[in-house]
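Each chain, letter by letter, is given below.
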Amino acid sequence: MELVIGVAQRLEPVAKREKITRVLEGAVLASLFLEASTRTRLSFGSAFSRLGGAVRETVGLTFSSMAKGESIADTARVISGYADIMAIRHPEAGSVAQFAKASLVPVINAGDGAAEHPTQALLDIYTIEEEFATRDKRLDGSHILFVGDLKYGRTVHSLLKLLSLYERMTFTLLAPELLSMPASIVELAEFRGHRVIQLSALPTEPDRVDVIYTTRIQRERLQGEQIEGYSPDFHVNTAFVNHVGDPSTVIMHPLPRDSAPASNDLSTDLDNDPRLAIFRQTDRGIPIRMALFALILGVADNIEASYREPPWHHPSQPGANSS
Amino acid sequence: MELVIGVAQRLEPVAKREKITRVLEGAVLASLFLEASTRTRLSFGSAFSRLGGAVRETVGLTFSSMAKGESIADTARVISGYADIMAIRHPEAGSVAQFAKASLVPVINAGDGAAEHPTQALLDIYTIEEEFATRDKRLDGSHILFVGDLKYGRTVHSLLKLLSLYERMTFTLLAPELLSMPASIVELAEFRGHRVIQLSALPTEPDRVDVIYTTRIQRERLQGEQIEGYSPDFHVNTAFVNHVGDPSTVIMHPLPRDSAPASNDLSTDLDNDPRLAIFRQTDRGIPIRMALFALILGVADNIEASYREPPWHHPSQPGANSS
Amino acid sequence: MELVIGVAQRLEPVAKREKITRVLEGAVLASLFLEASTRTRLSFGSAFSRLGGAVRETVGLTFSSMAKGESIADTARVISGYADIMAIRHPEAGSVAQFAKASLVPVINAGDGAAEHPTQALLDIYTIEEEFATRDKRLDGSHILFVGDLKYGRTVHSLLKLLSLYERMTFTLLAPELLSMPASIVELAEFRGHRVIQLSALPTEPDRVDVIYTTRIQRERLQGEQIEGYSPDFHVNTAFVNHVGDPSTVIMHPLPRDSAPASNDLSTDLDNDPRLAIFRQTDRGIPIRMALFALILGVADNIEASYREPPWHHPSQPGANSS
């Protein structure tokens with residue numbers, strides 16, 4: 001994890017368009033999104049493009065060969081003959097591991113059902129570390145509040161596992177009872193010696209938290225649970241943040257957030273709050289995914305040597321939430 | 001407009017595949033077509049590819065994040081973290097302006113509902129100027145006939161606004177009454193001192209026109225109007241062209257044209273007529289869109305210096321309508 | 001055919017990622033898959049990417065312009081203004097020839113309905129030649145067994161025509177009566193002097209065959225035939241192969257194979273059998289398609305001179321069926 005983050009930091013000049021590199025020239029990424037996820041797909045593709053590689057993609061709920069009865073193993077073996085690396089999003093938990101087993105080339109999990117979303121977890125860790133660095137804080141010993149759909153939100157599953165690798169953490173898990181964190185993940189965190197507090201409502205006088213990690217209700221994954229939206233108890237807005245946080249609290253969300261009025265997802269009343277890190281968070285997907293590509297394809301040592309000045313000018317048009 | 005056309009002219013060697021350039025190497029275009037438009041999407045993408053940049057795309061009536069309740073502002077801000085420039089097609093009028101407001105990088109409108117299609121208007125102006133140049137004509141003082149669906153055909157809205165910037169124009173607007181040009185656009189042209197003639201049928205002895213600009217009925221945008229197809233009055237064929245034009249008249253259409261027999265769209269009996277400019281018109285989308293990219297990303301001054309000979313041979317296989 | 005295969009052999013270092021080349025830098029492929037075929041589309045796109053060109057794609061059962069009534073001729077002429085070469089997959093037999101007629105640039109048939117799939121036939125011939133080379137066999141005089149859906153399997157139509165160009169061949173065609181090879185193709189092979197044996201069940205003591213070419217039932221093309229799956233007579237598994245083949249027999253399949261238990265398609269019990277060439281076969285689509293692009297765009301003589309070392313390291317992770 002430290003290795004990936006270290007390479008990501010070294011790739012920031014490319015992510016910020018101050019440098020260009022062609023270090024993956026001639027390499028091909030096969031990006032297979034069997035479940036639609038435009039932002040993640042574009043993030044993987046853009047990261048590979050910025051390193052100079054070519055991206056070949058397929059998108060959609062059905063995969064034409066699979067619809068004809070092809071096994072995952074056959075698909076993986078065939079596509080791996082066309083590409084040097086693959087990124088796979090799949091609606092079923094465990095399917096990406098099956099892909100990887102049959103592939104001749106490395107496979108990156110871009111999200112498999114309700115199971116894992118490891119690159120999201122890596123960019124989340126990177127974001128917490130970078131945000132903490134500007135506040136002279138350290139991750140060890142910090143207090144992270146997870147709010148919302150902790151059952152189907154796979155990003156929080158992957159993230160909690162990675163955060164459990166740090167020392168002396170406190171995790172508060174605030175979720176409707178129907179959407180609470182799977183017990184196996186809670187047990188893992190406790191087994192590693194961290195303090196885990198599970199709540200279905202906020203206490204009147206909560207402990208200060210260093211990070212508020214909010215999530216969207218994964219309506220598309222609900223299995224019969226009757227959830228119309230969060231109750232106001234789970235509505236992270238300015239009042240909520242001031243209740244549990246302080247001026248150094250970092251507010252995160254894996255996005256997309258549901259902006260429909262009744263959703264009670266992360267409020268837009270925080271959009272001009274400097275603690276809101278959600279767009280810096282999504283921006284950091286690019287250097288993290290570039291770092292994974294660079295490490296896997298063996299070019300991490302050569303990146304600075306490959307840097308050139310862009311022949312074009314990056315337009316400077318920063319908006320309200322620019323990093 | 002003159003600036004864009006000037007750069008487009010200088011980029012013709014790339015459009016004609018006589019030269020290649022890598023002047024946008026390392027840059028990323030995010031091409032978001034929330035409404036399908038294969039030809040426009042391919043034209044934007046090809047223009048960016050020919051300048052050496054990488055294209056990341058998404059296509060479809062639904063955008064996965066938006067389907068999850070994400071606001072346009074969130075989507076725009078997130079995608080702008082992945083790209084250096086965006087091209088957006090959206091089914092709702094005004095939506096692209098909302099995108100642009102929240103984006104960190106420049107956004108090009110690739111068509112928003114029935115509102116505007118500015119790059120089409122630019123390539124139309126470029127086409128008229130280039131066609132007139134071969135006839136020793138000037139745009140100022142010329143007579144342009146618009147025929148067909150002038151209500152929902154957004155290309156004619158954008159084009160009439162641009163043509164109104166010239167001097168002493170005559171515009172004849174020939175449309176079924178249900179599909180006539182919006183009053184605001186007619187008023188704009190009149191306010192700028194041009195002569196506007198609105199007709200629902202052709203006169204027996206019309207004035208000669210310099211350009212016949214035909215359109216397809218935008219069936220997908222009709223709002224209750226009962227239009228099965230144009231009546232023969234609006235059928236632009238050889239007889240129509242000879243009735244209103246002369247040997248120097250230019251025949252244009254934004255394409256696609258509806259070739260179903262009952263559509264009465266632009267007739268294929270003109271396909272071998274040298275006045276038919278429709279394919280030279282669509283070809284010119286490439287240099288116009290390259291010019292916009294080059295200007296926005298600050299490389300317009302460097303394009304000739306970046307030209308190289310192609311390492312491959314452009315196949316020469318001209319058809320009947322080659323430019 | 002020999003020319004294409006010769007160039008494909010010279011491009012193997014690129015296909016195997018030992019070399020990179022940018023010999024098609026600046027060129028644009030328009031890849032139009034009006035019928036979904038992920039593997040073929042990725043293979044064409046990857047081949048073009050590895051030669052350094054840019055790929056612009058469209059996918060789907062409907063093509064937006066065509067849905068608006070545009071003729072194939074208009075579509076072809078327009079897209080050919082954006083690209084230097086096109087690859088077209090279309091559900092209707094003969095449609096790709098119409099495309100090619102109206103295009104300004106070369107068009108490669110990537111499969112048109114039940115008619116032809118010529119690049120598949122070329123990679124099949126290339127595979128047979130390469131597999132035979134390791135066995136000191138020659139194609140002339142060999143015995144090829146085709147098994148399965150020989151009526152709608154267009155790959156076997158194209159392949160049988162190409163194989164008929166060789167000398168003294170024996171073709172055994174084993175198919176359910178409802179799915180037998182079209183008479184015109186059988187007659188062509190016989191006209192060229194080859195021996196053709198048509199069977200609907202295996203004989204007890206068959207002749208040894210040099211190649212077993214199996215196919216999937218093209219359910220999506222059936223026109224009223226009641227076929228639930230192959231009967232066990234057409235189930236190519238280890239017992240079948242041992243019955244008709246010998247240790248030098250080559251087992252092929254155009255893929256995808258239907259791995260549903262009742263399909264009786266090519267059995268996975270052969271997956272570790274070195275005679276199974278199906279993944280080497282699909283891998284060879286890359287050099288064959290690169291060879292076609294190189295020949296058509298006039299760079300076949302320059303490919304070795306353009307080779308460079310990859311700046312990245314190809315991951316070595318060979319699986320059970322690696323070539």
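Remember, it's a predicted structure, so these values are computed and weren't measured experimentally.

Caption draft 1: Region of the structure containing the interface of chain A and chain C. On the chain C side, the residues contacting the 36 residues of chain A number 41 residues. A buried area of about 3200 Å², summed over both sides, lies between chain A and chain C, and 49% of it is on carbon and sulfur atoms. Linking chain A to chain C there are 7 salt bridges. Across the pair C:Arg308 and A:Glu25 runs a salt bridge whose closest N-O atoms are separated by 2.5 Å. Counting only elements with at least two residues in the side of chain A that touches chain C, the list comes to strand S1 (28-33), strand S2 (54-59), helix H4 (64-67) and helix H5 (72-80) of chain A. With 5 residues, H5(A) is the single largest residue contributor to the side of chain A that touches chain C. Looking at the side of chain A that touches chain C residue by residue, the classes come out as 16 nonpolar, 11 polar and 9 charged.

Caption draft 2: Geometry of the environment of C:Phe293. All names here are of chain C. Along the chain, the position of Phe293 falls in helix H12 (residues 285-296). Residues Phe293 and Ile303, 10 residues apart in the sequence, show an inter-C-alpha distance of 12 Å. In contact with Phe293, not counting residues within four places along its chain, are Leu24, Leu29, Phe44, Ala47, Phe48, Leu51, Ile85 and Ile108.

Caption draft 3: Examining the packing of H5(A) against helix H6 (residues 95-102) of chain A more closely. Residues and elements named next belong to chain A. Between H5 and H6, the shortest axis-to-axis distance is 8 Å and the interhelical angle comes to 55°. Relative to H6, the element H5 lies oblique. The interaxial crossing formed by H5 with H6 has right-handed handedness. Residues Ile72, Ala73, Thr75, Ala76 and Arg77 of H5 pack against Ser95, Gln98, Phe99 and Ala102 of H6. Each residue belonging to the contact of H5 with H6 can be placed in one class, and the counts come to 5 nonpolar, 3 polar and 1 charged.

Caption draft 4: Up close: the domain arrangement of chain A. Residues and elements named next belong to chain A. Structurally, chain A comprises domain 1 (2-116 + 285-306) and domain 2 (118-281). Contacts between the two partners involve 22 residues from domain 1, matched on the other side by 18 residues from domain 2. Seen at the junction of domain 1 and domain 2, the total is 2 salt bridges. Among the ionic pairs, Glu35 bridges to Arg154, the shortest N-O distance being 3.7 Å. For the side of domain 1 that touches domain 2, the elements supplying multiple residues, two or more each, are helix H1 (2-10), helix H3 (38-50), strand S4 (107-112) and helix H12 (285-296). Among the elements that line the side of domain 1 that touches domain 2, the one with the most residues is H12, at 5 residues. Considering only residue class, the side of domain 1 that touches domain 2 consists of 10 nonpolar, 5 polar and 7 charged.

Caption draft 5: Molecular detail of the relation of the copies chain A and chain C. You can overlay chain A on chain C at an RMSD of 0.0 Å; the transform is a turn of 120° with a shift of 0.0 Å along its axis. Here the transformation between the copies is reduced to the relation of a three-fold axis. For chain A, the residue whose C-alpha comes nearest the rotation axis is A:Ala54, separated from it by 4.8 Å. Mapped onto chain C, only 6% of the interface residues of chain A are again interface residues, and the two copies thus contact each other with different surfaces.

Caption draft 6: Local environment of helix H8 (residues 154-163) of chain C. With 9 of its 10 residues buried, H8(C) lies for the most part within the structure. Within the span of H8(C), buried status applies to C:Arg154, C:Thr155, C:Val156, C:His157, C:Ser158, C:Leu159, C:Leu160, C:Leu162 and C:Leu163.

Caption draft 7: Summary view of the sheet that holds strand S5 (residues 143-147) of chain C. All names here are of chain C. Ordered by their spatial adjacency, 5 strands build an open sheet running S7-S6-S5-S8-S9, and the pairing between neighbours is parallel. Each of the sheet's edge strands pairs with one partner strand only, and the pair in question is strand S7 (195-199) and strand S9 (250-252). Adjacent strand axes in the sheet meet at a mean angle of 15°, parallel and antiparallel pairs treated alike. Here strand S6 (residues 170-174) pairs with S7 via 5 bridges, running parallel. The partner of Leu174 across the bridge, within S7, is Leu199. Each of strand S8 (211-214) and S9 touches helix H7 (residues 118-133); the most contacted strand, S9, lies at about 160° to it.

Basis of the calculations
- Residues numbered from 1 in each chain as written.
- Chains lettered and ligands numbered in written order.
- Predicted model: local features only at pLDDT ≥ 70, side-chain atom pairs only at ≥ 80, totals over all residues.
- Heavy atoms only, no water.
- Contact = heavy atoms within 4.5 Å.
- Buried area = accessible area lost by both parts, 1.4 Å probe.
- Salt bridge = Lys/Arg side-chain N within 4 Å of Asp/Glu carboxyl O.
- Helix = DSSP H or I, 4+ residues; strand = E, 2+ residues; numbered from the N terminus.
- Nonpolar A, V, L, I, M, F, W, Y, C, P; charged D, E, K, R; others polar.
- Axes fitted to C-alpha atoms, helices over the stretch in contact; angles between N-to-C directions.
- Parallel < 35°, antiparallel > 145°, perpendicular 65-115°, else oblique.
- Left-handed = near helix turned anticlockwise from the far one by under 90°.
- Domains from an automatic or database assignment.
- Least-squares fit on C-alpha atoms with pLDDT ≥ 70 in both.
- Buried < 20%, exposed > 50% of the residue type's maximum accessible area, 1.4 Å probe, protein only.
- Pairing = 2+ DSSP bridges.

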